[in-house]
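Structural overview
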Amino acid sequence: EVSSDGRCLIKINGAERELVMFAGKGLTEYTIPDSANITTITSLYGEDFQTLIFSSTIKSCTGGIYGMEKLSKIVLNEGLKEIKGNFNLKSLTELVLPSTLTKIDCSGMDPGDTPFGWETLKTLTFTSDTPPNLPPDNYGTGGFTGAEGFQIYVPKGKLAAYQEAYKAYEKYDWYKNMKQSQ
């Protein structure tokens, strides 16, 4: 099936609707339409994107978001439960993860990659009271990288829970500098 705007090729498997191909050439901004009722994104690529907004129906993003060198804003929807794959985006400065996110699994990546390897990222904000599951640090990359001064924020009153959940990462700067949101 093709979305009403002609940009998304959707594979239907029962109630699951997977975005398997995306035609983003020439777009700088795109909102995945709610009318497409997409539940899973396999992967997204769009070299000219500056803004990407997930629809409210998306529950998982399993292949990654890549090749978006100009992407400065991404809005992940409440309802998104899983991020799996490589999310190396080179222009983001801030990212807020939805409170519904329960799993970040980038264990299938190449050695040396990080799930969130952003050279320009200044802040990553978790909004869930329960820390999302992270994969083991199999490659010694530390899970998250960002710009100088990179900061991770967690919900107020939840710092101890996040520190306990991510104890395997305690040798990394992002873990040591994790702070509560104000």
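Remember, predicted model here, so these are calculated numbers, not experimental data.

Calculation rules
Residues numbered from 1 in each chain as written. Predicted model: local features only at pLDDT ≥ 70, side-chain atom pairs only at ≥ 80, totals over all residues. Heavy atoms only, no water. Helix = DSSP H or I, 4+ residues; strand = E, 2+ residues; numbered from the N terminus. Buried < 20%, exposed > 50% of the residue type's maximum accessible area, 1.4 Å probe, protein only. Areas by Shrake-Rupley, 256 points an atom, 1.4 Å probe, with all protein chains shown as cover. pLDDT = per-residue confidence, 0-100. Contact = heavy atoms within 4.5 Å. Pairing = 2+ DSSP bridges. Axes fitted to C-alpha atoms, helices over the stretch in contact; angles between N-to-C directions. Salt bridge = Lys/Arg side-chain N within 4 Å of Asp/Glu carboxyl O. Patch = residues over 30% accessible without salt bridge, like charges linked within 9 Å, V, L, I, M, F, W, Y side chains within 5 Å.

Remarks on the overall build of the protein
Across its full length, the protein holds 2 helices and 17 strands. Out of the 182 residues in the protein, the part that is buried amounts to 46%. Approximately 8,900 Å² of the protein is accessible, and the part contributed by carbon and sulfur atoms is 48%.

Section: the confidence of the model for the protein
The predicted coordinates ought not to be read in detail in places where the model reports low pLDDT. Per-chain confidence: the protein averages 81 in pLDDT, with 86% of residues scoring 70 or above. When the criterion is pLDDT under 50, residues 108–112 qualifies, and its contacts beyond four places in sequence or with other chains add up to 9 contacts.

With respect to the sheet that holds strand β9 (residues 73–75)
Reading across from one edge, β3-β6-β9 is the order of the 3 strands in this open sheet, with parallel pairing throughout. Where the open sheet ends on each side, the last strands, each with one partner, are β3 (29–31) and β9. Strand-to-strand twist across the sheet, computed as the mean angle between neighbouring axes with direction ignored, equals 0 degrees. By the bridge criterion, 3 bridges tie strand β6 (residues 51–53) to β9 in an arrangement that is parallel. The residue of β9 that forms the bridge with Ile53 is Val75.

Description of the pattern of salt bridges
With the rule as written, the count across this model stands at 3 salt bridges. Of the charged contacts, one joins Arg17 and Glu1 as a salt bridge, the two residues approaching to 2.6 Å between their closest N and O atoms. Residue Arg17 is located in strand β2 (residues 16–22), and its partner Glu1 is located in the segment before β1 (8–13); the two are separated by 16 residues in the primary sequence. According to the relative accessible area criterion, Arg17 is buried, its value standing at 11%.

As for a nonpolar patch on the surface
A surface patch of nonpolar side chains, about 330 Å² in accessible area, is lined by Val2, Leu9, Val20 and Met21. Here Val2 is to be found in the segment before β1.

A word on the sheet that holds strand β11 (residues 94–97)
What the 4 strands build is an open sheet, ordered β11-β14-β16-β17; its pairing is parallel. What marks the edges here is a single partner per strand, and that holds for β11 and β17 (179–180). Sheet topology places β11 next to strand β14 (residues 123–126); 4 bridges connect them, and they run parallel. From the neighbouring strand, Val96 faces β14, where its bridge partner is Thr125.

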